[in-house]
Amino acid sequence: QVQLVESGGGLVQAGGSLRLSCVASGRIFNYNAMGWFRQAPGKEREFVVTISWLGSDTVYADSVKGRFTILRDNSKNTAWLQMNSLRPEDTAVYYCAWRRVPHTGLNQDDYDYWGQGIQVTVSS
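Residues numbered from 1 in each chain as written. Predicted model: local features only at pLDDT ≥ 70, side-chain atom pairs only at ≥ 80, totals over all residues. Heavy atoms only, no water.

1. A closer look at unusual backbone geometry
Argument step 1. With phi around 50°, Asn77 is a residue other than glycine that occupies positive phi space.
Argument step 2. Along the chain, the position of Asn77 falls in the loop between strand 7 (68-73) and strand 8 (78-83).
Argument step 3. Despite not being glycine, Ser85 shows a phi value in the positive range, around 50°.
Argument step 4. Here Ser85 shows up in the loop between strand 8 and strand 9 (92-99). (Helix = DSSP H or I, 4+ residues; strand = E, 2+ residues; numbered from the N terminus.)

This is the structure we're talking about:
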């Protein structure tokens, strides 16, 4: 089993920034891609971004492209989501996800482990 713990969420004004972290622990094997998803109130969970094992391949949702950046440090089993120019529509619970293959995945079914989620609220 792999455990994922997100941190760094909170309340921020529109135009502000937040940095989410995701730390993995447990039976971690190498060559894992990961991703971030989010779920706003009354909506389905949606894809935000994914990054390959080496970090050489990333895919962003159009809604966050140019504002969000995903990074990872495999030596620390940690990934980050830097969120800039936040908008009220970014308000959601953000989930870190981990998959047992090295390449990126855009669908929730691509992922094997999930964090508990962390709230991000952007006020207007």
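2. Things to note about the sheet that holds strand 3 (residues 18-26)
Argument step 1. Spatially, the four strands line up as an open sheet ordered 1-3-8-7, and their pairing is antiparallel. Both outer strands of the open sheet, strand 1 (2-7) and strand 7, are each paired with one neighbouring strand and no more. Neighbour to neighbour, the strand axes of the sheet diverge by 15° on average, direction disregarded. (Pairing = 2+ DSSP bridges. Axes fitted to C-alpha atoms, helices over the stretch in contact; angles between N-to-C directions.)

3. What about the state of the cysteines?
Here, disulfide denotes a covalent bond that connects the sulfur atoms of two cysteines.
Argument step 1. Per the stated rule, a full pass over the model turns up one disulfide.
Argument step 2. Here Cys22 engages in a disulfide with Cys96; their sulfurs sit 1.9 Å apart. Since a negative S-S torsion denotes a left-handed disulfide, the Cys22-Cys96 link at about -70° is left-handed. Taken as a pair, Cys22 in strand 3 and Cys96 in strand 9 lie far apart in primary sequence, 74 residues in all. (Disulfide = S-S within 2.5 Å.)

4. Describing the pattern of salt bridges
Oppositely charged side chains may form a pair once their charged atoms are brought near each other.
Argument step 1. Counted according to the given criterion, the structure contains five salt bridges.
Argument step 2. We note a salt bridge from Lys65 to Asp62, for which the minimum N-O separation is 3.0 Å. (Salt bridge = Lys/Arg side-chain N within 4 Å of Asp/Glu carboxyl O.)

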